Amino acid sequence: MTSAMSARVVLRAAALTTLACVGALAHAQDAADVEFDRPGIGFSPSVLAPGQVAFEQGLPDVAYDDSDGVRTTRTTAASLLRVGLGADLELQLGSDSRVWELTRSADARDRVQGGGDSSVALKWVLPGSDDDLQWALLARQGVLTGAADIRAGRAQQDLGVSLATGDLAFYVNGTRDENGTGWTLSPSWTYLSTDIVAAYVEAGLGTGAQRSRALGTGITWRVAPAVQLDLSVLRGFAADEDDWTGGFGVSFVLP
């Protein structure tokens, strides 16, 4: 069995087990009230209701970098399954289900593809959240399920907090990966918000192994109460980060 197939099997098995455990929990919030984690640098400071399930998929997400004459394009079909557990908790199972990477220089061209790494995360809405201010903690553990040419050298670990009040949101995250440790801070402003369309601008500032200087924007379109489309772009200015990242995605609440 290939690494890509293994990643998919693990993700599906874990999803089925989780759904079986929480399937008896009935009452779920209205699908129109669900906040998705796509798009943007941070995540929404809310969780699904007990037994509620949502799926978010990049169609795809793309990163491009041009450094010292070497151009790299990485295209990822990133998947995220979210399950409401109750007690203000949410389980998240993520996987870069397919990755295509193209590297070009003046005298060489290299292409790799295969399944990417996966992750398991737990989101917790912190005490004190109300209609005026919401905040949540997200702890994520990476799992090295990717193909040999794509797999990270070390499983990534993240611990982040997202806070939202009105049209403003703030996100801070600590990361430990194969490159070391670092912090990311990202403020964002939703300047357009209706029941159907929302648009935002954001900035990213990273230190240590996560060194970054980025500005971005995105838009979401609620095509149905339970379905959202998104489009986003982020421009990176630091030497160690991608020049451009962005993508198109769909998120939906399962019936």
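None of the values given here were measured: they were computed from a predicted structure.

Conventions adopted
- Counting restarts for each chain: residues are numbered from 1 in the order of the written sequence.
- Totals for whole chains, interfaces and linings use every residue, but because this is a predicted model, local features are given only for residues with pLDDT of at least 70 and side-chain atom pairs only at 80 or more, for both listing and counting.
- For the side-chain quantities, the full set of heavy atoms in the structure was used; hydrogens and water were omitted.
- Note that patches include only residues with greater than 30% relative accessible area and no salt bridge, and the join distances are 9 Å for like charges and 5 Å for nonpolar side chains (Val, Leu, Ile, Met, Phe, Trp, Tyr).
- In short, Shrake-Rupley with a 1.4 Å probe defines the accessible areas, and a residue's cover is counted only from the protein chains shown.
- Here, a salt bridge means any Lys or Arg side-chain nitrogen found within 4 Å of an Asp or Glu carboxyl oxygen.
- Secondary structure follows DSSP: runs of H or I at least 4 residues long count as helices, runs of E at least 2 residues long count as strands, and numbering of each begins at the N terminus.
- With a 1.4 Å probe rolled over the protein chains alone, any residue whose accessible area is under 20% of its type maximum counts as buried; one over 50% counts as exposed, and the rest are partly exposed.
- When charges are tallied, Lys and Arg are placed among the positive residues and Asp and Glu among the negative ones, while His and the ends of the chain are skipped.
- The contact criterion used throughout is that any non-hydrogen atoms of two residues lie within 4.5 Å.
- We define a polar contact as two N or O atoms separated by no more than 3.5 Å, with the added condition that, inside protein, one atom must be a possible hydrogen donor and the other a possible acceptor, whereas residues neighbouring each other in sequence contribute only through side-chain atom pairs.
- A pair of Phe, Tyr and Trp rings is counted when the ring centres sit within 6.5 Å of each other, with Trp represented by its six-membered ring. The angle between the planes then sorts it: under 30 degrees is stacked, over 60 is edge-to-face, the rest tilted.

A.B. asks: Could you clarify how one ought to interpret a nonpolar patch on the surface in this entry?
C.D. replies: Together, Leu168, Phe170, Trp189, Tyr191, Leu192 and Val201 make up a nonpolar patch on the protein surface, roughly 540 Å² of accessible area in all. Breaking the nonpolar patch down by element, the ones donating at least two residues are β8 (168-177) and β9 (180-193). Here the element with the most residues in the nonpolar patch is β9; it accounts for three residues. Checked against the element boundaries, Val201 lands in strand β10 (residues 197-208).

A.B. asks: Please explain the side chain of Asp243 as it appears in this structure.
C.D. replies: Mapped onto the secondary structure, Asp243 falls in the loop between β12 (227-236) and β13 (244-253). Buried within the structure, Asp243 lacks any salt-bridge partner; its nearest side chain of opposite charge belongs to Arg235, at an N-O separation of 4.2 Å. Ignoring anything within four residues of it in the chain, the contact list for Asp243 reads Tyr64, Asp65, Asp66, Leu234, Arg235 and Gly236.

A.B. asks: Sorry, what's going on with the environment of Lys123 here?
C.D. replies: Considering the arrangement of structural elements, one finds Lys123 in strand β5 (residues 118-125). Sequence separation of Lys123 and Leu91 is 32 residues, and the distance between their C-alpha atoms is 6.5 Å. A polar contact is formed between the side chain of Lys123 and the backbone oxygen of Ser46, at a distance of 3.0 Å.

A.B. asks: Sorry, what's going on with the packing of aromatic side chains here?
C.D. replies: For any two aromatic rings, the description comes down to two numbers: the centre-to-centre distance and the angle of the planes. Scanning all chains against the criterion turns up three aromatic pairs. On the basis of an interplanar angle of 85 degrees and a centroid distance of 5.7 Å, the ring pair of Phe43 and Tyr171 is categorised as edge-to-face. In this pair, Phe43 sits in the loop between α1 (3-22) and β1 (53-67) while Tyr171 sits in strand β8, placing the two residues 128 residues apart along the sequence. Note on Tyr171: relative accessible area 12%, which makes it buried. Ring geometry for Trp189 versus Tyr191: centroids 5.7 Å apart, planes at 50 degrees, classification tilted. For Trp189, a relative accessible area of 44% puts it in the partly exposed group. Judged by relative accessible area, which is 45%, Tyr191 ranks as partly exposed.

The values reported here are purely geometric and, on their own, carry no functional implication.
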